[in-house]
2 protein chains.
Amino acid sequence: MTANAPHDAVTLSLTEVEALTRSALLACGVDPRNEPAITASMVAAEAEGIHSHGLARLPTYCEHAKVGKIDGKARPVLDSPRPGLVRVDAKGGFAHPAIDFGLPALCEAVKTQGIAALAITNSYNCGVVGYHVERVAAEGFLALGFVNAPASIAPMGGTKPVFGTNPIALAVPRSGREPLVLDQSSSVVAKSEIVVHQQRGEPIPLGWALDKDGNPTSDPAAALAGGTMVPAGGYKGAGLALIVELLAAWLTGANLSIDASSFADNLGRSPRTGQFFIAIDSGALAGPNSNERLERLFGAILQQDGARLPGERRSRAKRRTAAQGVTIPNALFERLQRYAA
Amino acid sequence: MTANAPHDAVTLSLTEVEALTRSALLACGVDPRNEPAITASMVAAEAEGIHSHGLARLPTYCEHAKVGKIDGKARPVLDSPRPGLVRVDAKGGFAHPAIDFGLPALCEAVKTQGIAALAITNSYNCGVVGYHVERVAAEGFLALGFVNAPASIAPMGGTKPVFGTNPIALAVPRSGREPLVLDQSSSVVAKSEIVVHQQRGEPIPLGWALDKDGNPTSDPAAALAGGTMVPAGGYKGAGLALIVELLAAWLTGANLSIDASSFADNLGRSPRTGQFFIAIDSGALAGPNSNERLERLFGAILQQDGARLPGERRSRAKRRTAAQGVTIPNALFERLQRYAA
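These numbers were taken from a predicted model, which means no experiment stands behind them.

J.: Explain the overall build of chain A here, please?
T.: Assigned secondary structure in chain A consists of eleven helices and eleven strands. For 341 residues, the compact-globule estimate of 2.2 N^0.38 gives 20 Å, and the C-alpha radius of gyration of chain A, at 20 Å, lies within 12% of that figure. In terms of its C-alpha atoms, chain A occupies a principal-axis envelope of roughly 55 × 50 × 50 Å. Accessible area of chain A: about 12,900 Å², with a carbon and sulfur share of 51%. Across chain A, 32 positive and 31 negative side-chain charges occur, with their mean positions spaced 2 Å apart.

J.: Before we go on, may I ask you to explain the pattern of salt bridges in this structure?
T.: The tally for this structure, following the rule as stated, stands at 32 salt bridges over all chains. A salt bridge links R87 of chain A to D79 of chain A, with the shortest nitrogen-to-oxygen separation between them at 3.0 Å. Notably, a salt bridge pairs E48 of chain B with K318 of chain B, separated by 3.5 Å at the nearest N-O pair. A residue pair is termed long-range when its members are at least 10 positions apart, and E48 of chain B in the loop between helix 2 (35-47) and helix 3 (58-67) and K318 of chain B in helix 10 (residues 312-324) qualify at 270 residues. A single network of salt bridges, built from pairs that share partners, joins E48, E134, E178 and K318 of chain A.

J.: Any chance you could explain the nonpolar core here in plain terms?
T.: The nonpolar side chains of soluble globular proteins are, as a tendency, buried together. By size, the foremost hydrophobic cluster in this structure holds 94 residues, and its most contacted members are F276 and I278 of chain A together with F276 and I278 of chain B. When near neighbours in sequence (up to four residues on either side) are disregarded, F276 of chain B contacts I280 and L285 of chain A together with A117, L118, A119, L144, G145, F146, L247, A248, L251 and T252 of chain B.

J.: Sorry, what's going on with the relation of the copies chain B and chain A here?
T.: Turning one copy of the chain about an axis and sliding it along that axis gives the other copy, so a rotation and a shift relate them. The operation relating chain B to chain A is a screw motion whose rotation component is 180 degrees, with 0.0 Å of axial translation and a residual RMSD of 0.0 Å. Taken together, the rotation and translation relating the two chain copies correspond to the operation of a two-fold axis. When C-alpha positions in chain B are compared against the rotation axis, the closest is assigned to G233 of chain B, at 1.8 Å. Both copies present the same face, since 100% of the interface residues in chain B are matched by interface residues at the equivalent positions in chain A.

J.: I keep staring at the sheet that holds strand 9 (residues 216-217) of chain B and nothing clicks. Help me out?
T.: Sheet strands line up and pair through hydrogen bonds in the backbone, either parallel or antiparallel. All names here are of chain B. With respect to topology, three strands assemble into an open sheet ordered 9-8-10, the strand pairing being antiparallel. Where the open sheet ends on each side, the last strands, each with one partner, are strand 9 and strand 10 (228-229). Pairing of strand 8 (residues 209-210) with strand 9 involves two bridges; the strand directions are antiparallel. From the neighbouring strand, A209 faces strand 9, where its bridge partner is T217.

J.: Would you mind going over helix 10 of chain B with me for this structure?
T.: In an α-helix, one turn spans 3.6 residues, which is why side chains three or four residues apart end up on the same side. Residue and element names in this part refer to chain B. Taking 1.5 Å per residue, 13 residues should reach 18 Å; helix 10 reaches 18 Å between its end C-alpha atoms and fits that length. Listed in full, the buried residues belonging to helix 10 are R314, A317 and T321. Along the long axis of helix 10, the arc covered by the buried residues comes to 55 degrees, so they all point the same way. Residues of helix 10 that are exposed and point more than 90 degrees away from the buried face comprise R319, A322 and A323. Two residues or fewer past helix 10, G325 is found with a positive phi of approximately 75 degrees.

J.: Mind showing me how you'd approach the state of the cysteines here?
T.: Per the stated rule, a full pass over the model turns up zero disulfides over all chains. There is no disulfide at C62 of chain A, and the cysteine sulfur nearest it, in C28 of chain A, is 3.9 Å away.

Parameters and conventions
- Residues numbered from 1 in each chain as written.
- Chains lettered and ligands numbered in written order.
- Predicted model: local features only at pLDDT ≥ 70, side-chain atom pairs only at ≥ 80, totals over all residues.
- Heavy atoms only, no water.
- Helix = DSSP H or I, 4+ residues; strand = E, 2+ residues; numbered from the N terminus.
- Rg over C-alpha atoms; globule rule 2.2 N^0.38 Å.
- Areas by Shrake-Rupley, 256 points an atom, 1.4 Å probe, with all protein chains shown as cover.
- Lys, Arg positive; Asp, Glu negative; His and termini not counted.
- Charge placed at Lys NZ, Arg CZ, Asp CG, Glu CD.
- Salt bridge = Lys/Arg side-chain N within 4 Å of Asp/Glu carboxyl O.
- Core = buried A, V, L, I, M, F, W, Y, C linked by side-chain atoms within 4.5 Å.
- Buried < 20%, exposed > 50% of the residue type's maximum accessible area, 1.4 Å probe, protein only.
- Contact = heavy atoms within 4.5 Å.
- Least-squares fit on C-alpha atoms with pLDDT ≥ 70 in both.
- Pairing = 2+ DSSP bridges.
- Expected span 1.5 Å × (residues − 1).
- Arc of directions from axis to C-beta.
- Disulfide = S-S within 2.5 Å.

Structure below.
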């Protein structure tokens, strides 16, 4: 913790972020075998500047562990019903230890099978989806990730929420560089953006959310009280959310988004949402000049003025936070210290 | 052919569509072993009311076979580099016989592996992607399809085309019903919509396409002359197009969209684009009550006033065309008769 932050803020090194997260989770009853996976994800989110999935979310994780909405002591169970399929039951516990438990088995399966999938069921908010697919890409495989969440997007033509903001992510290994990571929700903006505006007492731009009758609204409260998130690209975003729902929720045997309790409050039982990952060994298909072809594609993007690859902002943030640490509101810091006490 | 059509149009039964397509393709030098796959796809597109991928496209297929841009006699070659991976090289020929050649092997692989993929390389326009994934779903498997096309979408922040309109499709089996099929391009509208407006001398709505400088345009000619298609949902549509590009083009070893020759004119060599399909045995994951859970999801959509499932329009068209046939412009009919002569 250093003093070069604004008056009401605190700057923490990533090592301090890690220690604070660990202490808070353990003090709230999270099993020491489950904690490292969650902590590592928090640190990575803060390192990449994705604060909404970093320490800002930690109080909710702590609350859910304390009140038992999430079973911090649940140990994931793994099986492999087919040579290409790995399944991990998170048992109503945190998502991260379940995913971490499954990823090595996924990578083993894809090595021999060429393509393999990891289905996580009875799970919870998994933080940044890109974080998980990036780790598969770091092992040398192309990876896709699909994640469902409590319902907030209406179907084509409807007004009531059926799909979560249901993100999709892809990561692909690059020779001599970090993997390219793309991670996007099916909605125009993530739901956390609405919450942030509500907390600040600010209106939201039209086009982000609809009220409970399906009308555009600039009132974050109207969006959150039975309203819905606008899907990106209209019915096409709702279509993508349906694809993600089928893979992450239905296929994994997890709760559908309509049946999942909130990720935000303490009400209800465990959300029991799902995650679905596909890994592909590109070496078996993409040919001997695959690196050159990949960089030729990325070069066609980068040579255009103003164009950029997904993930560039995160890479810049990583360099910045490694040197300068991260700055969080003092109120959040004090709250987390209370959980850790 | 019946007379109950407008003055300048002809109504054909689906049997007549099939016969006309077959004759035209064979007369243009398509190998009799390749023709049935293309014809079946054409008939299905007309049956489902997707005229842009039906007979309206047949003159281009015939031209490409006649001038040799597509090798109508090329026979696809199949191998399986890994237990979960099937690869078919279309050898610069039509996409449909290559896909048809690979689908049974894909279905065999997914039965034992739980997940399997079919990579089609050195291929061509494959018509309606949903048609192909629907056939995998008819065999009992959840299927995803990814297809690249000559570049027409600019990357995030750029103005020059890098990605094709790159559609994604999903089909999922339903107990006692036809599979649910979702099929959507990464752009706001399919490129063929721009062509149709140009042919009619009509402006296009703002928001469909950009001119070569990246400015919104209502002029279809400006859109087609070095302009780009607007991605659905802005940068998120471009992100989805990148995902599709990596799977359908890069991973399969096919031409990147920037390297693919036009699907529309006779210039250049074979487009050699790619298709990528993933099949998953949901029975291994989704649990014993998977049908009920699937219909519960669809029910949450259908119970909302105005909401609908993807594919409903196609289902209605199928019933209509089976009874009434399809109506096409007389000029198109006469042109196809000339190819068939």
